[in-house]
Structure formats: structure tokens, C-alpha cells
Amino acid sequence: SKGIVYVSNILRTEDLEGNLYPHKSTNILSSDITWEGTTELNYNVYVAPDVKLTIKAGTTIKSNGKSILVGGSLIAIGTQANPITFTSAAATHTAGDWGAIVFQVSSTGATFDESGAYVSGSILRHCVISYGGGFSQPAALVIAASFPPLLDHVKVTHSAADGVRYHPPVSGTSKVDLTTVSGPVVLASTFSHNFGAGFASVTTSTFSIPAIGRFIGNTFDSNGVLGGFRWTLNIPPHFLAGTPVLYQFQNNTARDNAGHGLLISSGGPWSVYGNYFINNKAAGAEIKDNVLLQFLNNHVIGNEAGGLSVHDIFNFYNVSLSNNEFVENKKLPALSVKMNFESSIQINHNKFTGNFAHDLNPIVSLTFPASHGQENPLFQHNTLTKNSFLGEKGPFSVLLVRDAPHASHSHDKAPVVSDNIFHNTEADFELRFESSSEHRLDASHNYWGTREGALISCLIFDNEDDHRYGVALSGPYYGTELLSDPISSVFKQADNCDQQISHRKSHK
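Residues numbered from 1 in each chain as written. Predicted model: local features only at pLDDT ≥ 70, side-chain atom pairs only at ≥ 80, totals over all residues. Heavy atoms only, no water.

K.L.:
Any chance you could explain the overall build of the chain here in plain terms?
P.N.:
When you go through the chain residue by residue, the secondary structure sums to 2 helices and 54 strands. When burial is assessed residue by residue, the chain has 56% of its 508 residues classed as buried. Long-range contacts, defined as pairs at least 24 residues apart, comprise 73% of the intrachain contacts of the chain with a sequence gap of at least 6. When the accessible surface of the chain is totalled, it reaches about 20,100 Å², and 50% of it is carbon and sulfur. (Helix = DSSP H or I, 4+ residues; strand = E, 2+ residues; numbered from the N terminus. Buried < 20%, exposed > 50% of the residue type's maximum accessible area, 1.4 Å probe, protein only. Contact = heavy atoms within 4.5 Å. Areas by Shrake-Rupley, 256 points an atom, 1.4 Å probe, with all protein chains shown as cover.)

Structure, rendered in C-alpha cells:
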């Protein structure tokens, strides 16, 4: 390395909240400098404000338990053939061998043109960061800047804490100025085998709202119980109303994590599009307490504690959950939705197949509130087939539709469940409607896995089975999976239902 000056006095630097704390034995970079070859860090390095540290492709930085603190700019641009490596100087590498790369509040963030292309500022491109997250650091890469660096083709692995911790500064005001804070842009990067989350955002600030956030083409693989991607910024939804922000989580893969694949709590609106959530130990994805705009074209497969959970959503937009597949998810529902009173939702063109629900959980659970916003909640053009249940006692239901506590919606805002394909021979009920007795559910124009009208009436649990609940209006229905050949509905023959359903299960 070149131009590093050892300073023996105490240097005071900012912590994650912008406070000051002392670092002994710190090298101050007080003028622009370039590193290349192999650099071994025996002291913490501080890049002063308005100073640029450039690291050339192919450089290896080996740290003896130290950290790089960026108060200015860090330009680390490697290539696929010659990445830049930040790693342990120990002979045998262990998670937590060194501290972190810390982008402080004063650091210079990345800037972008109108097309979203990188222009200038701090950047990590084709970099590998391994075996950090030690020495009380919350992650191997800590971003505490108002304007974060660009992360592009970065691999963060084997951290003793989170892989990346995004911790935006506290603004201290409820009036958000979108010119003074920006969210992270993370592209084609990998976060794997970290003890905590692969990527985590955490703040106790109520008012720190990033203007953008883009997570595109990344992999979150085999991280700890905090999961692959964890976004828990504490942002009250009413501060977001009318704010022109959009968070994109697109074309990522979150798999084999010991927690959630994706957990989003607050922020938004979010566009979650084209992702794979596979074989995570908790839910594939959970989205709560925030503004969700759309969950589209995702693949939610083989997760151990349910597929997707969407709940406590505050939204002035219509929510769309469409064109997703939910396959072989276990224990909890493949899809669980609980909407806030301000929200409308459309759940269309999804596929639910081969899921296993435990302990009387349905395959799909929908809870709608007192008011449904501008439009009826819609569950249409979905396919629910070959789903199963684990448990000794039933009844087992594929789709559960119910009211939130104290719901009181009018007939014209009632849920619509239509033009779906149901064929689940291990279920006692394809549809269970648990709403107050005065409510009606439009459940017409569905295929129920049979042409037998008497059996279809038995596969729907409603007022005919328990007078506390409302009526599901099931006719006309379709006699084929092509949603053709409409057939008029028939009255339920309750005395014969147990026999009908038992016969159906035995001939699956």
C-alpha cells in the first residue's frame, strides 16, 4: 500500500448514530491514495472526509482484526477475473477474524444518472468480503451513510454478524426531505453463510425514509436465523402517504436460510417481482406493517414455515398478488393475508400445488377488514390443486376466508372468489367462509374438482354448516378445469356430506 501515515494519538470517529468514539492506533488517510497488490492492515484505517481511497482490481486486503472506516470516498472496482478481496490475515480463517468496512455518515455516496447508471461516488464492484463482522461490529459491511455506496457484484460471506448492516442516520424530523437521504442500490451480489442476516436494515429512527431502494439480481443463501434479507426500518405508514418512493426487490434468490428468505417490516411501497424463495427454515417471505404495492411473478417453493405472509398492511394503493407459484411449502399456509382497513387487494392467477398444511391451518388464509377500500377484495383465476394436510384431526380446508374482528362491510364490498380451480382430494372443505351471518361471499364460477353438485355443496363450509357464519354463493359453477360448462348450484344435503367427502378421499 502507498501513502498510509501511522498516527499514534487518538482519532475520534462517528459511530452508527453519528456520535463520536475514540479509535486508538488508527492510520489516517488525509489525501487521495491508491492501493494495489497485497495490503495487510495492522491498524484501523480512516478515510477522512473529502478524501478518496481507490483500490485497484486484483488487490487483496488482509486484516489483523482491524476495520476500514470511510468518512470520504471508497472506489473499489474489481473485475470478474480480478476481484478485490477483503479478508482475514490469519493463517486459518474464522468468521469474525476482523472488523468491518464502515461507511460513516460523512462518506460520499454513489450518484446515478436518470437511467439509474452509476456516475460517481463510493462503489464496491466485483469485491469479496469474507470472515469479518468481529470486534463488536454489527456486520462485515456497515452502511451508516445518508447516501450509501453502490454494491455491484459484491460477495459478503462468513461474517460473525450480519453480512451487511444498513443503518441510515436519524433525521430527527417528521418532514422528510428526499434530497438529504437515499436508500441502497445492491445489484447482482451474494450474501451467504453469515451468522446473522445476509442483508439487514435496522434503525430506531421514526423519520429516516430513504428515497430509493433497489435490490436486483442478488442471492441470499445459507444465512443464519435472521434470514436472507431483513428490512426493519421503523417507518410509520402515514408518513409515506403521497411520498414518491419505490423500493424494488426484483429477480433475487433467497434460499436455504435458517430464518425467512425475505422479511420486510415498514417502508415502501415495495415491488417484489420475479424472485425465488426456496427451502428457507421460516417463511419464504413475510411482509408486514408497511405499504406493499405488488408481489408478482415470484416462486415460493419448499419453505418450512409457510410460503408468503402479508399482514397489517396500511395502504392507500391497491395491492396486487399475482402470477406467483406456491409449491411444497409446509406447516403454515402457503399464503396468509390479513389486510388493514385502508387496503384493497387483488389475488389473481396464482398457482398453489403440493403444499402441506399442519394443525388445521388452511392452504390459503384470507382475512379482510371492516372496510375494503375502493374495490372488492378479489381472489380470481387461481389454481389450487394436490395440496395436503398433516394432522390426525380435521376438518381440513384449502381456502379460508374470514372477517377481521369487528368487520362490518356492505354487500357491494364483499369478497369475490371466482373463476378458480379447486381440486384437493385430501381436503374436507375446498372453501371455508367464516364471516358474520349477514355477510355474503360471491364464490361463483369456480371448478370444484367434480361435476357432482351434491358433493360441491358439501365442499363449501358456510351458513349451512354453522349459522353463525354468512353464506357462500357458489352457483353457477364449472364442470371442467377449463372453466367451461357452467352448471347451476344445488342445495346442500348435509346428512350425506360425511359420506360424500369420505368417498372422495378414498378415490383420490
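K.L.:
I keep staring at the nonpolar core and nothing clicks. Help me out?
P.N.:
Most often, soluble globular proteins have nonpolar side chains that are buried together. Membership of the largest hydrophobic core comes to 96 residues, with the highest contact counts inside it found for Trp 35, Phe 86, Leu 124, Ile 129, Phe 229 and Trp 270. Considering every element that reaches this core, the biggest residue donor is strand β17 (residues 139-143), with 5 residues. Non-local contacts of Ile 129, meaning those with residues more than four positions away in its chain, are made with Phe 86, Trp 98, Ile 101, Leu 124, Ala 140, Leu 141, Val 154, Lys 155, Val 156 and Thr 157. Of all hydrophobic cores here, the second largest spans 5 residues; its members include Ile 75, Ala 110, Ile 123 and Leu 150. (Core = buried A, V, L, I, M, F, W, Y, C linked by side-chain atoms within 4.5 Å.)

K.L.:
Looking at this structure, how should I read the sheet that holds strand β41 (residues 356-358)?
P.N.:
Adjacent strands of a sheet pair through backbone hydrogen bonds, lying either parallel or antiparallel. Read from one edge to the other, the open sheet built from 3 strands follows the order β37-β41-β45, with strand pairing classed as parallel. Looking at which strands have only one partner, the edges of the open sheet turn out to be β37 (330-331) and β45 (388-390). Both β41 and β45 contribute to a ladder of 3 bridges, which runs parallel. Note that in β45 the partner of Ala 357 across the bridge is Phe 389. (Pairing = 2+ DSSP bridges.)

K.L.:
Quick question: what am I supposed to make of the side chain of Asn 446 here?
P.N.:
Mapped onto the fold, Asn 446 is located in the loop between β50 (440-442) and α1 (453-458). Engagement of the side chain of Asn 446 in a polar contact is seen with the backbone oxygen of Val 417, the distance being 2.9 Å. In this structure the side chain of Asn 446 is engaged in a polar contact, spanning 3.2 Å, whose partner is the backbone nitrogen of Asp 419. Contacts of Asn 446, omitting those with residues within four sequence positions, involve Val 417, Ser 418, Asp 419, Asn 420, Phe 422, Pro 476, Tyr 477 and Tyr 478. (Polar contact = N/O pair within 3.5 Å; in protein donor to acceptor, adjacent residues only side chain to side chain.)

K.L.:
Just to check I follow, could you spell out the confidence of the model for the chain for this structure?
P.N.:
Low pLDDT marks regions whose predicted coordinates should not be analysed in detail. For the chain, per-residue confidence averages 84 on the pLDDT scale, and 80% of positions sit at 70 or higher. Here residues 1-23 is a poorly scored stretch, pLDDT under 50, and it has 58 contacts once near neighbours within four places are set aside; other chains count. A low-confidence stretch, residues 236-244 (pLDDT under 50), is modelled with 16 contacts involving residues beyond four sequence positions or located in other chains. (pLDDT = per-residue confidence, 0-100.)

K.L.:
How do you make sense of unusual backbone geometry when you look at a structure like this?
P.N.:
As a rule of thumb, non-glycine residues mostly have phi less than zero, and peptide bonds are mostly trans rather than cis. The residue after Gly 475, namely Pro 476, is reached through a cis peptide bond having omega -5 degrees. Tracing the sequence through the fold places Pro 476 in the loop between β52 (471-473) and β53 (477-478). Positive phi values are uncommon outside glycine, yet Asp 256 reaches one of about 60 degrees. If you trace the backbone, Asp 256 turns up in the loop between β27 (253-255) and β28 (262-265). Here Leu 360, not a glycine, exhibits a phi torsion of approximately 70 degrees, which is positive.

K.L.:
What exactly am I supposed to notice about the environment of Gln 80 here?
P.N.:
Its location among the elements puts Gln 80 in the loop between β11 (73-77) and β12 (84-88). Since its relative accessible area comes to 73%, Gln 80 is described here as exposed. A sequence separation of 47 residues divides Gln 80 from Cys 127, and the C-alpha atoms of the two residues are 9.0 Å apart.

K.L.:
Please clarify how the packing of aromatic side chains should be interpreted in this entry.
P.N.:
Ring pairs (aromatic) are described by centroid distance and by the angle formed between their planes. Using the criterion set out here, one finds 24 aromatic pairs in the structure. Ring geometry for Phe 229 versus Phe 249: centroids 4.9 Å apart, planes at 50 degrees, classification tilted. A residue pair is termed long-range when its members are at least 10 positions apart, and Phe 229 in strand β25 (residues 229-233) and Phe 249 in strand β26 (residues 246-250) qualify at 20 residues. For the residue pair Phe 229 and Phe 249, the accessibility class agrees, reading buried in each case. Taking 5.2 Å as the distance between ring centres and 20 degrees as the angle between the ring planes, the aromatic pair formed by Phe 389 and Phe 396 counts as stacked. These aromatic residues form a ring-pair network of at least three members: Tyr 166, Phe 191, Phe 199, Phe 215, Phe 220, Phe 229, Trp 231, Tyr 247, Phe 249, Trp 270, Phe 277 and Phe 295. The lysine or arginine in question, Arg 214, covers the ring of Phe 112, its NZ or CZ lying 5.5 Å from the ring centre. The side chain of Arg 432 reaches across the aromatic face of Phe 461, ending 3.8 Å from its centre. (Phe/Tyr/Trp six-rings, centres within 6.5 Å; stacked < 30°, edge-to-face > 60°. Lys NZ or Arg CZ within 6 Å of the ring centre and 35° of its normal.)

K.L.:
For this particular structure, what's the right way to read the environment of Thr 94?
P.N.:
For Thr 94, the position within the fold is in the loop between β12 and β13 (101-103). Relative accessible area serves as the criterion here: at 43%, Thr 94 is assigned to the partly exposed category. Separated by 66 residues in sequence, Thr 94 and Ala 160 have C-alpha atoms that sit 8.5 Å apart.

K.L.:
Got a minute to help me understand the pairing of strand β31 (residues 285-288) in this structure?
P.N.:
Strand residues, when the strand is regular, have side chains that alternate between the two faces of the sheet. Where β28 lies against β31, 4 bridges are found, and the strand directions are parallel. Bridge pairing links Ile 264 to Ile 287 in β31. Alignment of β31 against strand β34 (residues 308-313), held across 4 bridges, turns out to be parallel. Each bridged residue has a counterpart across the sheet, and for Glu 286 the counterpart in β34 is Ser 309.

K.L.:
What exactly am I supposed to notice about the side chain of Asn 329 here?
P.N.:
Within the secondary structure, Asn 329 sits in the loop between β36 (325-327) and β37. Under the relative-accessibility criterion, Asn 329 is labelled buried at 0%.

K.L.:
Could you clarify how one ought to interpret the environment of Ala 283 in this entry?
P.N.:
Tracing the backbone shows Ala 283 in the loop between β30 (276-278) and β31. Judged by its relative accessible area of 9%, Ala 283 falls in the buried class. Separated by 25 residues in the primary sequence, Ala 283 and Leu 308 have C-alpha atoms spaced 6.4 Å apart. Setting aside anything within four residues of it in sequence, one finds Ala 283 in contact with Gly 259, His 260, Gly 261, Asn 303, Ala 305, Gly 306 and Gly 307.

K.L.:
Sorry, what's going on with the pairing of strand β8 (residues 52-55) here?
P.N.:
Of the two faces of β8, the one holding Leu 53 and Ile 55 is buried and the one holding Lys 52 and Thr 54 is not buried anywhere. Of the strand pairs in this sheet, β8 and β11 are connected by 4 bridges, and their pairing is parallel. Each residue of the ladder has a partner; that of Leu 53, found in β11, is Leu 74.

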